[in-house]
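Descriptive analysis of the structure
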Amino acid sequence: MITIMKESSGAMLAVTASETVTGEDYTEIWIPALQKVISEHGKCKALLYMDENFKDWDLKAMWEDAKFGMAHRNDFEKLAVVGGPSWSEWGTRVAGILSSGEVKTYSADKLQEALKWVAE
């Protein structure tokens with residue numbers, strides 16, 4: 001499940017991922033919100049927070065993430081990934097190589113620091 005965080009504003013879009021993230025979460029919530037920010041601001045500052053109930057992504061979510069990420073790799077000014085399992089840091093590093101924007105990972109207890117960095 002993906003929910004948009006209240007801290008989202010302007011070019012900064014922050015979401016919480018909880019339990020299992022599905023392809024429908026991507027196609028119905030995350031991607032439309034990203035597209036709106038990109039169309040309105042040119043570039044997006046994004047934060048993905050995997051909360052304590054986060055389990056995983058289903059295959060369709062992974063596919064949608066990869067497709068959107070590659071098609072819009074130049075549309076992200078910043079991306080912060082907060083919390084999650086250890087393998088998510090590896091995936092974030094790969095995204096950082098492919099993206100033209102800055103990419104950082106934070107532990108779950110650093111959510112406020114991550115929100116501040118993304119919003120700058």
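Up top is the structure these notes are about.
Residues numbered from 1 in each chain as written. Predicted model: local features only at pLDDT ≥ 70, side-chain atom pairs only at ≥ 80, totals over all residues. Heavy atoms only, no water.

Some details on the nonpolar core
Ranked by internal contacts, the top residues of the largest apolar core, which has 23 residues, are Leu13, Val21, Tyr26, Trp30, Leu34, Cys44 and Trp57. Contributing elements (two or more residues each) for this core: β2 (12-17), α1 (23-41), β4 (44-50), α2 (59-71) and β6 (76-83). Core analysis: the next-biggest nonpolar cluster, separate from the first, contains 13 residues, Met12, Ala14, Tyr49 and Val82 among them. (Core = buried A, V, L, I, M, F, W, Y, C linked by side-chain atoms within 4.5 Å. Buried < 20%, exposed > 50% of the residue type's maximum accessible area, 1.4 Å probe, protein only. Helix = DSSP H or I, 4+ residues; strand = E, 2+ residues; numbered from the N terminus.)

So, the packing of aromatic side chains
Centre distance and the angle of the planes are the two values used to describe a pair of aromatic rings. If you walk through the whole model with that rule in mind, you get three aromatic pairs. Between Phe54 and Trp57, the ring centres sit 5.0 Å apart and the planes meet at 70 degrees, which makes this aromatic pair edge-to-face. Taken individually, Phe54 and Trp57 each receive the classification buried, so the pair is uniform in this respect. Ring centres 6.4 Å apart and planes at 50 degrees place the aromatic pair Tyr106 and Trp117 in the tilted group. Taken together, the positions of Tyr106 in strand β7 (residues 102-106) and Trp117 in helix α4 (residues 111-119) put the pair eleven residues apart, joining distant regions of the chain. Look at Tyr106 and you get buried, because its relative accessible area is 11%. Here the guanidinium or amino end of Lys78 rests over the ring plane of Trp117, the centre of that ring lying 4.7 Å away. (Phe/Tyr/Trp six-rings, centres within 6.5 Å; stacked < 30°, edge-to-face > 60°. Lys NZ or Arg CZ within 6 Å of the ring centre and 35° of its normal.)

Some remarks on α2
For α2, which comprises 13 residues, the first-to-last C-alpha distance of 18 Å matches the rise-based estimate of 18 Å (1.5 Å per residue) to within 8%. Buried positions along α2 lie against β3 (20-21), α1, β5 (56-57) and β6. Taking the backbone nitrogen of Lys60 as reference, a side-chain oxygen 3.1 Å away marks Asp58 as the first, capping residue of α2. (Expected span 1.5 Å × (residues − 1). Contact = heavy atoms within 4.5 Å. Polar contact = N/O pair within 3.5 Å; in protein donor to acceptor, adjacent residues only side chain to side chain.)

Some details on the pairing of β4
Burial analysis of β4 places seven of its seven residues in the buried class, which makes it a mostly covered element. Both β2 and β4 contribute to a ladder of six bridges, which runs parallel. Following the sheet pairing, Val15 is matched in β4 by Leu48. Of the strand pairs in this sheet, β4 and β6 are connected by seven bridges, and their pairing is parallel. Within the sheet, the bridge partner assigned to Cys44 lies in β6 and is Phe76. (Pairing = 2+ DSSP bridges.)

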